[in-house]
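# Examining the three-dimensional arrangement
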Amino acid sequence: MGLPDFTPAQLTTIKNTVAKDTNHLEFDLFMNAARSYGLDPFRKQISAIVFNKDKGDRRQMAIIVGRDGLRSIAARCGDYRPASGPAAIVYDESSKSKTNPKGIVSVGITLFKQDKQGEWHPVYGEAFWDEFAPV
């Protein structure tokens, strides 16, 4: 699954919005990732964030696949369906800080995966703030 060829004007729009801080090399890498994953930057399925953009020795780009991009990839497998309930968020007052103002400890969610017989089975996933927060 690929993306259509973008016009020069569309590439400029992508460069100035969802990949605005990228240099030429980073932008090429980002667009190749978008094409490889079959994700559309205009739909914000994929974006690029540059950290330490003014510090050449520490500069680093991260390609971010958004929720809708992840859902798009999962749907292509044919054995995925979205969660049927809300995420379970665990808070702790003692975890509140400048970088974690709500005191989030973890988030858990149950999705469903289909087996070869067509039966759906719950699959639980959990993410911990300390493991995923970009601080």
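Look a little higher up for the structure.
We now turn to the structure provided with this report. Source: prediction; values computed, not measured.

## What about the overall build of the protein?
On a plain count of helices and strands, the protein comes out with four helices and six strands. When the elements of the protein are put in sequence order from the N terminus, they spell out α-α-β-β-α-β-β-β-β-α. Its C-alpha atoms give the protein a radius of gyration of 18 Å, clearly above 14 Å, the size a compact globule of 135 residues would have. When the backbone C-alpha atoms are referred to their principal axes, the protein occupies close to 45 × 45 × 20 Å. Accessible surface, the protein: about 9600 Å² in total, of which carbon and sulfur atoms supply 55%.

## Side note on the nonpolar core
Soluble globular proteins: nonpolar side chains tend toward being buried together. Judged by nonpolar contacts, the single largest core of 14 residues is most densely connected at Ile14, Phe27, Phe30, Met31 and Ile46. The set of elements that each furnish at least two residues to this core consists of helix H2 (24-37) and strand S1 (46-51). Leave out the neighbours within four places in its chain, and Ile46 touches Val18, Phe30, Ala33, Ala34, Tyr37, Leu39, Asp40, Pro41, Ile63, Ile64 and Val65.

## Let's talk about the side chain of Asp79
Structurally, Asp79 is set in the loop between helix H3 (67-76) and strand S3 (80-81). A distance of 2.4 Å separates polar atoms of two side chains, one belonging to Asp79 and the other to Lys113. Residues within four places of Asp79 in sequence aside, it is in contact with Phe112, Lys113, Gln114 and Trp120.

## Here's the deal with the pairing of S1
Only one face of S1 is covered, namely the face carrying Ile46, Ala48 and Val50; the face carrying Ser47, Ile49 and Phe51 is uncovered. With six bridges connecting them, S1 and strand S2 (residues 60-65) associate as antiparallel partners. In the strand pairing of S2, Phe51 is matched with Gln60.

## Notes on a nonpolar patch on the surface
A grouping of Tyr37, Leu70 and Ile73 is seen on the molecular surface, where their side chains present a nonpolar patch of about 270 Å² in accessible area. As for its placement among the helices and strands, Ile73 is situated in helix H3. Given a relative accessible area of 31%, Ile73 falls into the partly exposed group.

## Some words on the environment of Phe27
Locating Phe27 in the fold gives a position in helix H2. In this structure Phe27 comes out as buried when scored by relative accessible area, which is 11%. Separated by 13 residues in the primary sequence, Phe27 and Ile14 place their C-alpha atoms 9.3 Å from one another. If sequence neighbours within four positions are ignored, Phe27 has contacts with Leu11, Ile14, Lys15, Ala19 and Thr22.

## Looking at unusual backbone geometry
Of note in this structure, Lys44 is not a glycine but carries a positive phi near 55°. With respect to the helices and strands, the residue Lys44 is situated in the loop between H2 and S1. Its identity as a non-glycine residue notwithstanding, Asn52 has a phi of 55°, on the positive side. Mapped onto the secondary structure, Asn52 falls in the loop between S1 and S2. Using a relative accessible area of 30% as the deciding quantity, one classes Asn52 as partly exposed.

Parameters and conventions
- Residues numbered from 1 in each chain as written.
- Predicted model: local features only at pLDDT ≥ 70, side-chain atom pairs only at ≥ 80, totals over all residues.
- Heavy atoms only, no water.
- Helix = DSSP H or I, 4+ residues; strand = E, 2+ residues; numbered from the N terminus.
- Rg over C-alpha atoms; globule rule 2.2 N^0.38 Å.
- Areas by Shrake-Rupley, 256 points an atom, 1.4 Å probe, with all protein chains shown as cover.
- Core = buried A, V, L, I, M, F, W, Y, C linked by side-chain atoms within 4.5 Å.
- Buried < 20%, exposed > 50% of the residue type's maximum accessible area, 1.4 Å probe, protein only.
- Contact = heavy atoms within 4.5 Å.
- Polar contact = N/O pair within 3.5 Å; in protein donor to acceptor, adjacent residues only side chain to side chain.
- Pairing = 2+ DSSP bridges.
- Patch = residues over 30% accessible without salt bridge, like charges linked within 9 Å, V, L, I, M, F, W, Y side chains within 5 Å.
- Salt bridge = Lys/Arg side-chain N within 4 Å of Asp/Glu carboxyl O.

Any link to function would need more than the numbers given here.
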